[in-house]
Amino acid sequence: MAWNISEAVYQISTSSIGERAALIHGDEVISYREVIRRCSGIASWLQSLDLPPGAHIGHYMRNSNAYMEAFIGAGLAGMSHVNVNYRYIDQELIDLSNGLDIRVLVYDAEFAERVANIHAQLTETVGFIEVGSGPLRNDFAVRMEDLYDYDSSGFERQTSSDDLILIATGGTTGLPKGTQWRHEDIWRKQQISTGNAMLALQLEAHPETIEEHTANVVKLPEAKPFMPLSPLMHGAASLMAILMLAQGVPVLTAPGEKFDADLTLDLIRQYQVSGLALVGDAFAIPLVEALDRRADENLLQSIILCVSTGASLSEENRSGLLRHQPNLILFDTLGSSEASGFAVSTPEAGVFRPMPTTRVFDDEMQEVVPGSDTIGIAYSGGFSPIGYYKQPEKSAETFVEIDGQRFVMTGDRCTVREDGMLVLLGRDSTVINTGGEKVYTVEIERALLDHPTITDALVVGLPHPRFGKMVVAVVEGPNLSADNLDVADTQAHVGKTLAPYKIPRQIFAIESLQRAPNGKPDYPFITAYAQAQADKLTTT
């Protein structure tokens, strides 16, 4: 018996509801049965490579049915999904692939030239799968569509509860970390057998076998699709997608390189979508704007559930969504690749209701007393990842044992009100969350220091109306000033080595960063200086 996402999809495919839709991308609809037919070919080819058990399969793709097919196919072969940010450019892609030992890279054809350029530098990667309907662009790869028909007559599933899902996230050194979730742990963390769609059955206990779970899914009426709006290469979307698939709920994704609010609304109406997942205001702002323009179309009438995670959702946009669907169940959650959801929003801005397994400890590791005004850090308990891939020191810092229980140190600073609610104060690190993308300042500072005119640099996040935070740099150098700082040239310099979303939107010169004698930055001073300079730009 295996509590495994790919096994669940297989079990549903062989049941009486196997012809129900599983994956939808634009106008392409694929049933559970067809998904498993395709994925068995993918899995059989993967096994033909004689890779070690649990080998890492990189997913370098935009949203598509192929993304989830690669996930399920890897799982059927006993191998592990690794998400790859499709915004990465050459060196970032090399660092992630080599650092996380990606053995097979599945990539969209639009990225074929980039993959060809770095092919020889991917030291651990022995197989390449190209996704696209046209001719093969790289002769060292195989076409995904050809693998759908790969001989799987002798294929045997290798699914296990202990198989891993890797969610790659940036590290404070700028190098990637691979958060390792066992399939069973993420299954139980997300309450796949008892929560969400399964709530309709009012189950008194968790099923004993995955076959019993499948029998429960069969009892449910055919579900309307769930639509993640953010990229599947982010854990926020992919973890919601696998939850839904394992419950018999089809997953719908929209085509296109960028989020298109009008297309999204058209697809919601076409398929009568029942649920959405988005990443804060970066998606909510254009969605609400489109809803306001098309208010007479009543486009959210089919939506029952909307989940926002990965970035904050402003009260204005919460109200906007509820204005168009008053019966909407709206969850704004605090979570991460390591902790999944550990608190949910309340009607009060910045106030969250902790999950039953969440606790708050101060810097002396004493539990914060509600109503004490003591500032602590939220720790997420219950089912959690086994650690970061090949990073024992980072794992020890994040995954800790307190009073005999294992917790994830989330890094979120907060106080605990007398009523038990958490008042969020901010991250306990230099991470900047911009539109759901995690940006760690040190790698940007390193790129800035490579510029010939800059001798020191600090990067901070300033408020942005759509993306929550924007990346802003403050730099110093010999005779460097606002008059001679070439912002465009500096941005172009950073863009040579880092993804576009990491390039500072604004860069300001300063005579001295005023570091402490030990070299530590004065972040309050730098943030205030950057904000003051940004304010000048808006008033001139």
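As the structure is a computational prediction, the values presented were derived from the model and not from experiment. (Residues numbered from 1 in each chain as written. Predicted model: local features only at pLDDT ≥ 70, side-chain atom pairs only at ≥ 80, totals over all residues. Heavy atoms only, no water.)

A.B. asks: Would you explain the overall build of the protein chain in this entry?
C.D. replies: In terms of regular secondary structure, the protein chain is built from 16 helices and 27 strands. In terms of overall size, the protein chain behaves like a compact globule, its C-alpha atoms giving a radius of gyration of 24 Å where 540 residues would be expected to give roughly 24 Å. For the protein chain, the spread of C-alpha atoms along the three principal axes comes to 70 × 60 × 55 Å. Restricting to contacts in the protein chain with at least 6 residues of sequence separation, those with at least 24 account for 66%. Carbon and sulfur atoms make up 49% of the accessible area of the protein chain, which totals about 22,700 Å². Across the protein chain, 41 positive and 70 negative side-chain charges occur, with their mean positions spaced 2 Å apart. (Helix = DSSP H or I, 4+ residues; strand = E, 2+ residues; numbered from the N terminus. Rg over C-alpha atoms; globule rule 2.2 N^0.38 Å. Contact = heavy atoms within 4.5 Å. Areas by Shrake-Rupley, 256 points an atom, 1.4 Å probe, with all protein chains shown as cover. Lys, Arg positive; Asp, Glu negative; His and termini not counted. Charge placed at Lys NZ, Arg CZ, Asp CG, Glu CD.)

A.B. asks: Help me out: how do you make sense of the pairing of strand β15 (residues 340-345) in this one?
C.D. replies: Consecutive side chains along a regular strand alternate between the two faces of the sheet. Where burial is concerned, most of β15 is hidden: five out of the six residues are buried. Here four bridges tie strand β14 (residues 329-336) to β15, and the two strands are oriented antiparallel to one another. Paired with Leu334 across the two strands is Ala343, which belongs to β15. If you look at the hairpin formed by β14 and β15, you'll find three residues sitting between the two strands. Two strands pair when backbone bridges link them, and β15 and strand β16 (residues 351-354) are joined in this way by three bridges, in the antiparallel orientation. (Buried < 20%, exposed > 50% of the residue type's maximum accessible area, 1.4 Å probe, protein only. Pairing = 2+ DSSP bridges.)

A.B. asks: How do you make sense of the pattern of salt bridges when you look at a structure like this?
C.D. replies: In a structure, side chains of opposite charge can pair up when their charged atoms sit close to one another. Scanning the entire structure with this criterion turns up 34 salt bridges. Residue Asp149 pairs with Arg37 through a salt bridge whose shortest N-O separation is 2.9 Å. Taken together, the residues span a long stretch of sequence, with Asp149 in the loop between α6 (144-147) and β8 (164-170) and Arg37 in helix α2 (residues 32-48) at a distance of 112 residues. The partner of Arg182 in a salt bridge is Glu184, and the shortest N-O contact between them spans 3.5 Å. Glu184 shares its class with Arg182; the two are buried. (Salt bridge = Lys/Arg side-chain N within 4 Å of Asp/Glu carboxyl O.)

A.B. asks: How should the packing of helix α3 (residues 65-76) against helix α9 (residues 235-246) be read in this particular structure?
C.D. replies: How two helices sit against one another is set out by the angle between their axes and by the gap between those axes. Where α3 contacts α9, the two axes come as close as 12 Å, and the packing angle between them is 70°. The angle between the axes of α3 and α9 places the two elements in the roughly perpendicular class. Seen from α3, the contacting residues are Met68, Phe71 and Ile72; seen from α9, they are Ala241, Ile242 and Leu245. In terms of residue class, the contact of α3 with α9 is built from six nonpolar, no polar and no charged. (Axes fitted to C-alpha atoms, helices over the stretch in contact; angles between N-to-C directions. Parallel < 35°, antiparallel > 145°, perpendicular 65-115°, else oblique. Nonpolar A, V, L, I, M, F, W, Y, C, P; charged D, E, K, R; others polar.)

A.B. asks: Would you take a moment to explain the packing of aromatic side chains for this structure?
C.D. replies: Scanning all chains against the criterion turns up seven aromatic pairs. Considering the side-chain rings of Tyr60 and Phe111, the 4.7 Å spacing of their centres and the 25° angle between planes classify their relative orientation as stacked. Of this pair, Tyr60 sits in strand β3 (residues 56-60) while Phe111 is found in the loop between β5 (102-108) and α5 (112-118), placing the two residues 51 residues apart along the sequence. This pair shows no difference in class: Tyr60 is buried, exactly as Phe111 is. Among the aromatic residues, ring-to-ring pairing joins Phe361, Tyr379 and Phe407 into one connected group. Above the face of the Tyr86 ring, Arg62 is positioned so that its terminal group lies 4.7 Å from the ring centre. Cation over ring: Arg157 sits above Tyr10, and NZ or CZ is 3.7 Å from the ring centre. (Phe/Tyr/Trp six-rings, centres within 6.5 Å; stacked < 30°, edge-to-face > 60°. Lys NZ or Arg CZ within 6 Å of the ring centre and 35° of its normal.)

A.B. asks: Just checking my understanding: could you explain unusual backbone geometry for this structure?
C.D. replies: Negative phi values dominate among residues other than glycine, just as trans dominates among peptide bonds. Notably, Asp50 is not glycine yet its phi reads approximately 55°, a positive angle. Along the chain, the position of Asp50 falls in the loop between α2 and β3. Note on Asp50: relative accessible area 69%, which makes it exposed. Even without being a glycine, Met365 presents a positive backbone phi close to 60°. Among the structural elements, Met365 can be located in the loop between β17 (358-361) and β18 (376-380). Residue Met365 is classed as partly exposed on the basis of its relative accessible area of 36%.

A.B. asks: How should empty space enclosed by the protein be read in this particular structure?
C.D. replies: The rolling of a water-molecule-sized probe over the atoms marks out the regions of remaining empty space. Under the criterion given, the structure shown has one cavity of 30 Å³ or more. The computed volume of the largest cavity comes to approximately 30 Å³. In terms of lining residues, the largest cavity is bounded by Ser6, Phe71, Ala74, Gly75, Met79, His81, Leu164, Ile165 and His183. Elements represented by at least two residues in the lining of the largest cavity include exactly α3 and β8. With three residues, α3 is the largest single contributor of residues to the lining of the largest cavity. Its residues placed into classes, the lining of the largest cavity shows five nonpolar, four polar and no charged. (1 Å grid on protein atoms, 1.4 Å probe; cavity = no way out; pocket = protein on both sides within 12 Å on 5 of 7 lines; lining within 4 Å. Points joined across faces, edges and corners; volume = space filled by probe spheres on them.)

A.B. asks: I keep staring at a nonpolar patch on the surface and nothing clicks. Help me out?
C.D. replies: The grouping of Ile304, Ile329 and Phe331 at the surface amounts to a nonpolar patch, some 270 Å² of accessible area in total. Within the secondary structure, Ile329 sits in strand β14. For Ile329, a relative accessible area of 41% translates into the label partly exposed. (Patch = residues over 30% accessible without salt bridge, like charges linked within 9 Å, V, L, I, M, F, W, Y side chains within 5 Å.)

A.B. asks: Even after reading the chapter, I still don't get the side chain of Ser274, so can you show me in this structure?
C.D. replies: Relative to the helices and strands, Ser274 resides in the loop between α10 (261-271) and β12 (275-278). The contact partners of Ser274, leaving out residues within four places of it in the chain, are Lys224, Pro225, Ser302, Ile303, Ile304 and Leu305.

A.B. asks: Which parts of the structure should I look at to understand the sheet that holds strand β27 (residues 506-509)?
C.D. replies: Across a sheet, paired strands are connected by hydrogen bonds in the backbone, their directions being either parallel or antiparallel. One open sheet holds the three strands; their spatial order is β25-β26-β27, and the pairing between them is mixed. Two strands lie at the open edges of the sheet, namely β25 (456-464) and β27, each paired on one side alone. Neighbour-to-neighbour, the strand axes of the sheet open up by a mean angle of 25°, direction not taken into account. Taken strand by strand, helix α14 (residues 441-449) contacts β25 and β26 (468-476), and its axis lies near 130° from that of β25. Its contacts with the sheet put helix α16 (residues 523-539) on β25, β26 and β27, and the angle it makes with β25 is roughly 60°.

A.B. asks: Explain the pairing of strand β20 (residues 399-402) to me, please; I cannot follow it from the model alone.
C.D. replies: Both β20 and strand β21 (residues 405-416) contribute to a ladder of four bridges, which runs antiparallel. The residue bridging Val400 from the neighbouring strand is Phe407, located in β21. Counting the residues in the hairpin turn of β20 and β21 gives two residues, including Asp403, whose phi is positive at 55°.

A.B. asks: Where do I start with the environment of Glu364 in this structure?
C.D. replies: Considering the arrangement of structural elements, one finds Glu364 in the loop between β17 and β18. Glu364 sits 148 residues away from Ser512 along the chain, and the two C-alpha atoms are 35 Å apart.

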